[in-house]
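# Topology and contacts: notes
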Amino acid sequence: MIRETSAASKIFDFILIILLVAISLLCILPIWYTLMVSLSQKSAAAAGIVSVWPIGFNLNSYMQIMKDAVFFNSFWVSIQRVVLGASLSFVVTVFMAYPLSKSTKEFRLRNVLMWILVFMMLFSGGLIPLYQTVKAYGLIDSVWVLVLSGGLPMFNVILVLNFFRNLPKELEESAFVDGAGPWYTLIKLIIPLSVPVLATVTLFSIVSHWNEFFSGLVFMTKPENYPLQTYIQQMVVQMDLTTINNDPEALKRLNELSNQTLNAAKIFIAMIPILVIYPFLQRFFVHGITLGSVKE
């Protein structure tokens, strides 16, 4: 392959690099600004003069969060939700996508189920019937309502089944000739070959469960059962003034603390898990989504 090395090509490459760097900085800036606000003084945050560096650097907001049992309880609820929800979505997605990736000769009801799947993507039963169903099953104020309400991501199923359909048919045929059954073929052959798309949809599930707040708002009646994003969406800072007494240091920290800096600190901490997980799975995106796109 001969690379274009003309002056116009070099200028274009330079402009493209500058543009991509600028877009990257625009994406990073909100996260950086949130961090700087959380590290700034109360007065600077309230005045809106914090920019790329903290003003009156202090860690009082993070020290206050360390004492906030409700915040960490919500954090733990979200971790449970992500682990259980992503695991359930992975299993259900794979077990549903594999038979739907077959032809109608192998699975007669394939087209019927696909139409049902598409219909479910476009229409829902509504919030009130969903709430009544959840209540009838006794799942109100349970972490399982957060897990089961998003247990079948239809978009992910379509991505995975199309990825399965693009795998060489000869691989399955040779496995069947060697005596492998459908379960063995799926677990030992199909899943290992489908790591890109499975990693992609797993990340989709993790981000969806971590960022979703509305289910917690609707199905949780006790604040201690809120997932983290619902807690942040309902952000009400409660400072325990009874523990301060006449402690000069505590009074000083309270004077430097505000709802704005404390909320910024909580939002930044809530972003950390996704920021840690994303780089490890991001490399599968292009391959997983491209081969999992709809092809007829």
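Residues numbered from 1 in each chain as written. Predicted model: local features only at pLDDT ≥ 70, side-chain atom pairs only at ≥ 80, totals over all residues. Heavy atoms only, no water.

### Notes on the overall build of the protein
On a plain count of helices and strands, the protein comes out with 16 helices and 0 strands. Per-residue burial for the protein yields a buried fraction of 36% across its 296 residues. In the protein, the proportion of contacts linking residues at least 24 apart, taken out of those at least 6 apart, comes to 73%. (Helix = DSSP H or I, 4+ residues; strand = E, 2+ residues; numbered from the N terminus. Buried < 20%, exposed > 50% of the residue type's maximum accessible area, 1.4 Å probe, protein only. Contact = heavy atoms within 4.5 Å.)

### What to know about the packing of aromatic side chains
Two aromatic rings, taken as a pair, are described by how far apart their centres are and by the angle between their planes. According to the stated counting rule, one finds 9 aromatic pairs in the structure shown. Ring centres 6.2 Å apart and planes at 85° place the aromatic pair Trp32 and Trp53 in the edge-to-face group. Placement of the pair is Trp32 in helix 1 (residues 7-38) and Trp53 in the loop between helix 2 (42-47) and helix 3 (60-66), with a sequence separation of 21 residues. Looking at Trp32, the relative accessible area reads 35%, which means it is partly exposed. Relative to Phe219, the ring of Tyr131 has its centre 6.1 Å away and its plane inclined at 10°; by these criteria the two rings are stacked. In this pair, Tyr131 is assigned in helix 6 (residues 127-136) and Phe219 in helix 12 (residues 214-219), connecting sequence segments 88 residues apart. On the accessibility criterion, Tyr131 (26% relative accessible area) is partly exposed. (Phe/Tyr/Trp six-rings, centres within 6.5 Å; stacked < 30°, edge-to-face > 60°.)

### Some remarks on the nonpolar core
Note that soluble globular proteins tend to have their nonpolar side chains buried in a common cluster. With 33 residues, the main nonpolar core has Tyr62, Phe71, Val145 and Leu228 as its most contacted residues. Going through the elements one at a time, helix 1, helix 2, helix 3, helix 4 (69-100), helix 7 (143-148), helix 11 (195-211), helix 13 (228-233) and helix 15 (259-281) are the ones with two or more residues in this core. The greatest single-element share of this core, amounting to 7 residues, is contributed by helix 15. With near-sequence residues (within four places) excluded, Tyr62 lies in contact with Leu35, Ser38, Leu39, Ala265, Phe268 and Ile269. Judged by nonpolar contacts, the second largest core, of 20 residues, contains Val94, Leu100, Ile158 and Val197. (Core = buried A, V, L, I, M, F, W, Y, C linked by side-chain atoms within 4.5 Å.)

### Here we look at helix 1
With 32 residues, helix 1 extends 46 Å from end C-alpha to end C-alpha; this agrees with the ideal 46 Å at 1.5 Å per step. Within helix 1, the axis deviates most sharply at Leu29, by approximately 35°, and proline Pro30 lies no more than four positions further along. Inspection of helix 1 places Ser9, Thr34, Leu35, Met36, Val37 and Ser38 among the buried residues, and these make up the whole buried set. Looking at the buried residues of helix 1, the elements they touch are helix 2, helix 3 and helix 15. (Expected span 1.5 Å × (residues − 1). Bend = angle between axes of the 7 residues up to and from the residue.)

### Regarding a nonpolar patch on the surface
Where nonpolar side chains cluster on the molecular surface, the patch consists of Phe12, Leu16, Leu19, Leu20 and Ile23 and spans about 480 Å² of accessible area. Accessibility expressed as a relative area gives 37% for Leu16, which makes it partly exposed. (Patch = residues over 30% accessible without salt bridge, like charges linked within 9 Å, V, L, I, M, F, W, Y side chains within 5 Å. Areas by Shrake-Rupley, 256 points an atom, 1.4 Å probe, with all protein chains shown as cover. Salt bridge = Lys/Arg side-chain N within 4 Å of Asp/Glu carboxyl O.)

### Re unusual backbone geometry
Most of the time, phi is negative for any residue but glycine, and the peptide bond is trans. Although it is not a glycine, Asp141 sits at a positive phi angle of roughly 65°. Tracing the sequence through the fold places Asp141 in the loop between helix 6 and helix 7.

### Section: the pattern of salt bridges
Any two side chains of opposite charge can pair if their charged atoms end up close together. Scanning the model with the defined rule gives 2 salt bridges in all. Residue Arg81 is joined to Glu212 by a salt bridge in which the shortest nitrogen-to-oxygen separation is 2.7 Å. With a gap of 131 residues between them, Arg81 in helix 4 and Glu212 in the loop between helix 11 and helix 12 connect regions that are remote in the sequence. Look at Arg81 and you get buried, because its relative accessible area is 2%. Assessed through its relative accessible area of 22%, Glu212 is described here as partly exposed.

### Overview of the packing of helix 1 against helix 15
At their nearest, the axes of helix 1 and helix 15 sit 8 Å apart, and the two run at 135° to each other. Our classification of the angle between helix 1 and helix 15 gives oblique. Helix 1 and helix 15 meet at a crossing whose hand is left-handed. Residues Ile31, Thr34, Leu35, Val37 and Ser38 of helix 1 form the contact with helix 15, whose own contacting residues are Gln260, Thr261, Ala264, Ala265, Ile267, Phe268, Met271 and Leu275. (Axes fitted to C-alpha atoms, helices over the stretch in contact; angles between N-to-C directions. Parallel < 35°, antiparallel > 145°, perpendicular 65-115°, else oblique. Left-handed = near helix turned anticlockwise from the far one by under 90°.)

### As for the environment of Val118
Along the polypeptide, Val118 turns up in helix 5 (residues 110-122). Relative accessible area serves as the criterion here: at 30%, Val118 is assigned to the partly exposed category. The spatial distance from the C-alpha of Val118 to the C-alpha of Met154 is 7.8 Å, given a sequence separation of 36 residues.

### A closer look at the environment of Asn225
One can find Asn225 in the loop between helix 12 and helix 13. Remark: the alpha-carbon pair of Asn225 and Asn73, spanning 152 residues in sequence, is separated by 7.9 Å. Setting aside residues no more than four positions away along its own chain, Asn225 makes contact with Asn73, Val77, Asp141 and Met220.

### Considering the packing of helix 10 (residues 182-193) against helix 11
Put simply, helix 10 and helix 11 touch, their axes get as near as 5 Å, and they point 75° apart. Between helix 10 and helix 11, the interaxial angle falls into the category roughly perpendicular. Where helix 10 abuts helix 11, its residues Ile191, Pro192 and Leu193 lie against Val195, Pro196 and Leu198. Broken down by class, the residue content of the contact of helix 10 with helix 11 amounts to 6 nonpolar, no polar and no charged. (Nonpolar A, V, L, I, M, F, W, Y, C, P; charged D, E, K, R; others polar.)

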